[in-house]
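Coordinate analysis (summary)
Residues per chain are reported as follows:
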Amino acid sequence: MTFQETFEKSISVKPPLTPEFLPEAFVGSFYELSEETTDRLPTVLCGGTLEFPSIYKLTCDPMDCHMLLYTRTGSGNLLWGKKNHSLTEGTFLYMDCSASSFTLEAAQSPWQISIFLVRGTLLATLDSLVPFGGLLLHAIVSTHSPVLSGMERLLSGSTDASLRNKLTDASLLQGIITDLFIDAWKMEAPADKCAPYLSEIRQYLNTHFTAPLRLDDLEKRYHISKYRICHEFSQAFGSPPVRYLNLRRLEIATHLLLTTDRRIHEISLDVGFENTNHFINLFKREMGTTPQAYRDAHRG
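Quick notes on the rules
Residues numbered from 1 in each chain as written. Predicted model: local features only at pLDDT ≥ 70, side-chain atom pairs only at ≥ 80, totals over all residues. Heavy atoms only, no water. Helix = DSSP H or I, 4+ residues; strand = E, 2+ residues; numbered from the N terminus. Rg over C-alpha atoms; globule rule 2.2 N^0.38 Å. Contact = heavy atoms within 4.5 Å. Areas by Shrake-Rupley, 256 points an atom, 1.4 Å probe, with all protein chains shown as cover. Lys, Arg positive; Asp, Glu negative; His and termini not counted. Charge placed at Lys NZ, Arg CZ, Asp CG, Glu CD. Buried < 20%, exposed > 50% of the residue type's maximum accessible area, 1.4 Å probe, protein only. Disulfide = S-S within 2.5 Å. Axes fitted to C-alpha atoms, helices over the stretch in contact; angles between N-to-C directions. Parallel < 35°, antiparallel > 145°, perpendicular 65-115°, else oblique. Nonpolar A, V, L, I, M, F, W, Y, C, P; charged D, E, K, R; others polar. Salt bridge = Lys/Arg side-chain N within 4 Å of Asp/Glu carboxyl O. Core = buried A, V, L, I, M, F, W, Y, C linked by side-chain atoms within 4.5 Å. Expected span 1.5 Å × (residues − 1).

Counting secondary structure elements, the protein contains 12 helices and nine strands. Taken over C-alpha atoms, the radius of gyration comes to 21 Å for the protein, in line with the 19 Å a tight globule of 300 residues would show. The principal-axis extent of the C-alpha atoms belonging to the protein is close to 70 × 40 × 40 Å. Sequence separation of at least 24 residues holds for 72% of the intrachain contacts in the protein that already meet a minimum separation of 6. Carbon and sulfur atoms provide 51% of the accessible area of the protein, an area that totals close to 15,200 Å². One finds the centroid of the 28 positive side-chain charges in the protein at a distance of 6 Å from the centroid of its 34 negative side-chain charges.

With that settled, the discussion passes to unusual backbone geometry. Here K14 and P15 are connected by a cis peptide whose omega angle stands at -10°. For P15, the location among the structural elements is in the loop between strand 1 (11-14) and helix 2 (24-27). Looking along the chain, the bond that leaves S109 and enters P110 is cis, with omega of 0°. On the secondary structure map, P110 appears in strand 8 (residues 102-119). Phi is positive for D39, which is not a glycine, with a value near 80°. Within the secondary structure, D39 is located in the loop between strand 2 (29-30) and strand 3 (43-51). The backbone of H223 shows a phi angle near 55°, a positive value even though the residue is not glycine. Mapping H223 onto the fold places it in the loop between helix 7 (215-222) and helix 8 (226-237). According to the relative accessible area criterion, H223 is exposed, its value standing at 74%.

Turning our eyes to something else, we now look at the state of the cysteines. On inspection of all chains with the given rule, the structure shows zero disulfides. Looking at C46, it has no disulfide partner, and the nearest cysteine sulfur is the one in C65, 7.4 Å off. With no disulfide of its own, C65 has C97 as its nearest cysteine by sulfur position, at a separation of 4.0 Å.

For the rest of this paragraph, the subject is the packing of helix 6 (residues 196-207) against helix 8. One way to put it is that helix 6 packs onto helix 8 with a least axis distance of 10 Å and a crossing angle of 80°. With respect to helix 8, the element helix 6 is oriented roughly perpendicular. Mapping the contact onto sequence places Y197, L198, S199, I201, R202 and L205 in helix 6 and R228, I229, E232, F233, A236 and F237 in helix 8. Here the residues of the contact of helix 6 with helix 8 sort into eight nonpolar, one polar and three charged.

Moving on to the environment of L87. Tracing the chain through its elements places L87 in strand 6 (residues 83-87). The class of L87 is buried, set by a relative accessible area of 1%. Each C-alpha atom, one on L87 and one on T71, is 6.7 Å from the other, the two residues being 16 residues apart in sequence. When near neighbours in sequence (up to four residues on either side) are disregarded, L87 contacts L69, T71, G74, S75, G76, L78, L93, L104, W111 and L137.

Applying the stated criterion across every chain yields a total of eight salt bridges. A salt bridge links E152 to R72; the nearest nitrogen and oxygen atoms lie 2.6 Å apart. Of this pair, E152 sits in helix 4 (residues 146-155) while R72 is found in strand 5 (residues 66-80), placing the two residues 80 residues apart along the sequence. Judged by its relative accessible area of 18%, E152 falls in the buried class. E286 is the partner of R243 in a salt bridge, and the nearest nitrogen-oxygen pair spans 3.0 Å. Of this pair, R243 sits in helix 9 (residues 241-259) while E286 sits in helix 11 (residues 276-287), placing them 43 residues apart in sequence.

Time to look at the nonpolar core. Residues M67, F102 and L117 are the most contacted members of the largest nonpolar core, which totals 32 residues. Residue assignment for this core shows that the elements contributing at least two residues are helix 1 (3-10), strand 1, helix 2, strand 3, strand 4 (57-60), strand 5, strand 7 (91-96) and strand 8. Looking at this core element by element, the count peaks at seven residues for strand 8. Leaving out residues up to four positions away in the same chain, F102 has contacts with L58, T59, C60, M67, L78, L79, W80, M95 and C97. Listed in part, the 29 residues of the second largest apolar core include C194, F237, L258 and F273.

For the rest of this paragraph, the subject is helix 9. Here helix 9 spans 27 Å end to end across 19 residues, near enough to the 27 Å set by a 1.5 Å rise per residue. Burial of helix 9 is extensive: 14 of the 19 residues sit out of reach of the surface.

Structure follows, in structure tokens:
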């Protein structure tokens, strides 16, 4: 039995479905699956961005998959177990669909959502590492969140069963879920490896990424050698401050490339690069392709 057949068998809809509202109206497109990757890798079963039909209430029996659901506009309700959860604008839902039956309905229309049903043995491993409990609701505060950036890239991918697509989807799914867990539980570096001043620098770089970074200024502010700052920051966060800042800028740039029509030189300025050629060369070095080629590949 295919996943689509399993899904259709598991759901019930009130009022009964009319011909124009097939199951795809609730979960987007069903993906072609590959026997060599399904279950072995995190795999997208179906998904897309849609407006949940406001007059319908969908109830689904337990299924062997997880759900990712992000509310873009409007709001909806999730009845999971015996508890009702409000899915308001900007809320991200990650849920184990095998744990309980659930019901979805729109509360404020238009309820526009991005939704994926996914499966893979790695998901259970990730779930076991945190106090997950089968359901996680998390408010995404920043529009530049890596969770949302990963979601946009997943949405721009292909539904066919090529190995390249399946590996790309698996990488994005793992990144989305791990970033979600890190953000939701505010996981920090161990205290013995992360002095408070290092966390302060990182927070500044995350939120003031357009500002120039001068190591001499950090040296004066913290009365610590800039060489020691670079060494300790790299130990705590995996890269020295300058590279950390550039990677943060590139993270924002990839989000803008996929979600806006701004020109490359405009995006370069938006994220803090005054020299567009430097931005393009750095992007190519870190991402393996130019910004324009990246946009073309991921936006179809």
